[in-house]
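An overview of the molecular structure
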Amino acid sequence: MKILILGAGQVGSSVAENLVSEHNDITVIDTDGARLSVLQDRLDLRGLMGNGTHVSTLQEAGAADADLFISCVTADESNLVACKIAKKVFNVPRCIARVRSSEFLDHEELMAEDGFDVDHLICPERSVTSYIEKLVDIPEALQVVDFAGGRVCAVTVRAAAGSPLADQPIQTLRERLPGADVRIIAIFRNNRLVPPEGDTRIEPGDEVLFLANTRHVRQIIRELRESDKRVKRVMIAGGGNIGLRLARGISDHCDVKVIERNRKRCEFLATQLPSRSLILNGDATDENLLEDENVAEMDLFLALTSDDEDNIMSSLLAKRMGARRVIALIGRKSYGELMEGGRIDIAISPSEATIGELLRYVRRGDVVSVHRLRHGVTEALEAIAHGDAKSSKVVGRRIEDIDLPQGATIGAVVRQDEVLMAHHDTVIESDDHVIVFVAHQRLIAQVEKLFQVSATFF
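Now for a quick tour of the structure. All residue numbers refer to position in the chain's written sequence, counted from 1. This being a predicted model, a pLDDT of at least 70 is required before a residue's local features are given, and a value of 80 or more before pairs of side-chain atoms are given or counted; all residues contribute to the totals for chains, interfaces and linings. Excluding hydrogens and water, the side-chain values take into account all heavy atoms of the structure.

Looking at the overall build of the chain
Condition: Helical segments are the DSSP runs of H or I of at least four residues, strand segments are the runs of E of at least two, and each set is numbered from the N terminus. Our radius of gyration looks at C-alpha atoms and nothing else; its globule reference is 2.2 Å times the residue count to the power 0.38. Working definition: with a 1.4 Å probe on protein chains only, accessible area under 20% of the residue-type maximum means buried, over 50% means exposed, and in between means partly exposed. Whether two residues are in contact is decided by their heavy atoms, any of which lying within 4.5 Å being enough. Note on areas: Shrake-Rupley with a 1.4 Å probe; residue coverage comes only from the protein chains shown. Asp and Glu count as negative and Lys and Arg as positive, but His and the ends of the chain are not part of the count. Positions of charges follow a simple convention, taking NZ of Lys, CZ of Arg, CG of Asp or CD of Glu.
In terms of helices and strands, the chain carries 15 helices and 24 strands. Scaling as 2.2 N^0.38, a compact globule of 458 residues should have a C-alpha radius of gyration of about 23 Å, and the chain matches this with 23 Å. Principal axes of the C-alpha set define a box for the chain whose edges measure 65 × 60 × 40 Å. The buried share of the chain, reckoned over its 458 residues, is 55%. Looking at the chain alone, contacts between residues at least 24 apart form 61% of all its contacts between residues at least 6 apart. Carbon and sulfur atoms form 46% of the exposed surface of the chain, whose accessible area is close to 20500 Å². Charged side chains of the chain number 55 positive and 71 negative; the gap between the two group centres comes to 2 Å.

See below:
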């Protein structure tokens, strides 16, 4: 695909990096020449210095024959205007805008053809908040993603010594839980991917990625580690858009304290959150403040400021002072991989939480959702099978007869309200939601082609 990306910031750079690796023709537009130089040195793409809301800049970038336009600069207004120009002047087939304000998200009628004419909106803050809320609900998990409207979950859990499955082969799980809909998809051991065979042993410290019917998730987690007690007391460092969204989302079932440096922002937060939430004007790296506010009694400490170093330092401090679990928002991928699994329990990358939302619009075929798992090591797609045995390469075929590339695995099939864990003789039917795990990005194109119907279907 020929793709134009407006904005070479954190989100734009991450999007470009992910799409370039799949052999797309990428042009990145930004007013900052230094940022573009760094991207061009690192990635195989074209950089263009200019204002993306100017017709002349988009023309020079090649908008006239672009397949996709993604606008992700800081200002919502610039993103919406740029998409409008790309659509109306250059007739770009699909335009995606990144927005931060919930006002635009809540009024989709503004994105219609007679409005800003945007095909899809993405909101990194909303994506990150939704991701964190799942981790609050399942405190034992390192990662939780949903499929098929929440009927199926992919969960990553670190196996603990002394748990029922520690030092046991994978096939033991089926023997212990014969009625559970579950499949172990991957095992990550010392940052290496271990293919899961029936006789593969789960070692303490392994990160186990499993796919399961949502109703059985907690039952399966208990086989891998002790259940943590429910999260009730939460401290959030940073009252920005993500901190505010999260506090709103969990305040009905958690006691929330928010630490924010900016006094005016604290006053605003006080008007937006329930009276039972406590807003503190201060620095989350202040040891005295954390001690005064009983950080040692917190079930969860979340560092959600816009500063990576502050988030790392406050998380390390909170953990040392006794917080049961700490999660830090870390923009730089190298920082996150370095810190996670040590004193910081989970490092969340805003760009990784967002990229899946974007990739669903780039994938060919009817792809409902895309998730990057364990820092991009694997990718999971939820695709809808269409057509019949003549027009489709998957419909009417048993899984063992589908020409899946080596390294791709069908994990489950969701048929209306029924969840079917994939077996070699499972037959795919039209309108099934098929969840596919791919070990390498280079296999994505082959998987996408499988779910495209031939022209005879139409």
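Some points on unusual backbone geometry
One non-glycine residue, Asn 91, adopts positive backbone phi at about 55 degrees. Take Asn 91: it is sitting in the loop between α4 (76-90) and β5 (94-98). The class of Asn 91 is exposed, set by a relative accessible area of 62%. Of note, the phi angle at Asp 167 is positive, near 65 degrees, even though the residue is not glycine. Assessed through its relative accessible area of 44%, Asp 167 is described here as partly exposed.

Brief notes about the pattern of salt bridges
Just so we agree on the cut-off: Note on definitions: salt bridges are taken to be side-chain nitrogens of Lys or Arg within 4 Å of carboxyl oxygens of Asp or Glu.
Counting across every chain of the model gives 25 salt bridges. Note that Arg 176 and Glu 223 form a salt bridge whose closest N and O atoms lie 2.3 Å from each other. With Arg 176 in helix α7 (residues 171-176) and Glu 223 in helix α8 (residues 217-224), the pair connects residues that are 47 residues apart, well separated along the chain. Relative accessible area serves as the criterion here: at 43%, Arg 176 is assigned to the partly exposed category.

Description of the packing of helix α1 (residues 10-20) against helix α14 (residues 350-362)
Definition in use: Helix axes use the C-alpha atoms of the stretch in contact, all axes being lines fitted to C-alpha atoms, and the angles between their N-to-C directions lie in the range 0 to 180 degrees. Here the word oblique covers every angle except those under 35 degrees (roughly parallel), over 145 (roughly antiparallel) and from 65 to 115 (roughly perpendicular). The sense of a crossing depends on the near helix, which, turned anticlockwise from the far helix by less than a right angle, makes the crossing left-handed and, turned clockwise, makes it right-handed. Each residue receives one of three labels: charged for Asp, Glu, Lys and Arg, nonpolar for Ala, Val, Leu, Ile, Met, Phe, Trp, Tyr, Cys and Pro, and polar for the others, Gly being one of them.
Orientation of α1 relative to α14, taken along the N-to-C sense of each, is 55 degrees, at an axis distance of 10 Å. Judged on the interaxial angle alone, α14 and α1 are oblique. Note that α1 runs across α14; the crossing there is right-handed. For the pair α1 and α14, the contacting residues are Gln 10, Ser 14, Val 15, Asn 18 and Leu 19 in the first and Pro 350, Ser 351, Ile 355, Leu 358, Leu 359 and Val 362 in the second. Residue composition of the contact of α1 with α14, grouped by class: seven nonpolar, four polar and no charged.

Some remarks on the packing of aromatic side chains
As a reminder of what qualifies: In this scheme Phe, Tyr and Trp rings, the latter by its six-membered ring, pair at centre separations within 6.5 Å, and the angle between planes marks the pair as stacked below 30 degrees, edge-to-face above 60, and tilted otherwise.
Scanning all chains against the criterion turns up one aromatic pair. When the ring of Phe 147 is compared with that of Phe 437, the centres are 6.5 Å apart and the planes differ by 70 degrees; the resulting orientation is edge-to-face. Highlighted residues: Phe 147 in strand β7 (residues 141-147) and Phe 437 in strand β24 (residues 433-438), separated in sequence by 290 residues. Phe 437 matches Phe 147 in its accessibility class, with the two residues each being buried.

A look at the sheet that holds strand β13 (residues 207-213)
The line we're drawing: The pairing criterion for strands is at least two bridges between them, as found by DSSP.
Read from one edge of the open sheet, five strands run β7-β8-β13-β10-β11, paired in antiparallel fashion. Both outer strands of the open sheet, β7 and β11 (192-194), are each paired with one neighbouring strand and no more. Here the average twist between neighbouring strands, direction ignored, is 20 degrees. Bridge analysis of strand β8 (residues 152-158) against β13 gives seven bridges, and the strand direction is antiparallel. In the sheet register, Val 157 faces β13, and the bridge partner there is Val 208. Where α8 meets the sheet, its contacts fall on β8, β10 (182-189) and β13, and the angle it forms with β13 comes to roughly 155 degrees.

Digging into α1
Burial of α1 is extensive: nine of the 11 residues sit out of reach of the surface. Buried residues of α1: Val 11, Gly 12, Ser 13, Ser 14, Val 15, Ala 16, Asn 18, Leu 19 and Val 20, and no others.

Comments concerning a negative patch on the surface
Threshold: Within this analysis, patches are made of residues with over 30% relative accessible area and no salt bridge. Like charges are joined at 9 Å or less; nonpolar side chains (Val, Leu, Ile, Met, Phe, Trp, Tyr) at 5 Å or less.
Taken together, Glu 103, Asp 106, Glu 108 and Glu 109 make up a surface patch of like negative charges. Relative to the helices and strands, Glu 109 resides in the loop between α5 (102-106) and β6 (120-122).

A short note on the pairing of β5
Remember that side chains alternate between the two faces of the sheet whenever the strand is regular. Keep this limit in mind: Every crossover in which the path from the first strand over the helix to the second runs clockwise, viewed with the strands pointing away from the viewer, is termed right-handed.
Within β5, four of the five residues are buried, which leaves the element mostly enclosed by the surrounding structure. Of the strand pairs in this sheet, strand β4 (residues 68-71) and β5 are connected by four bridges, and their pairing is parallel. By the bridge assignment for β5, Phe 69 is matched with Cys 95. A crossover links β4 with its parallel partner β5, the connecting element being α4, and its sense is right-handed. Of the pairings in the sheet, the one linking β5 to β6 comprises three bridges and is parallel in character. Bridge assignment links Ala 97 to a residue of β6, and that residue is Leu 121.

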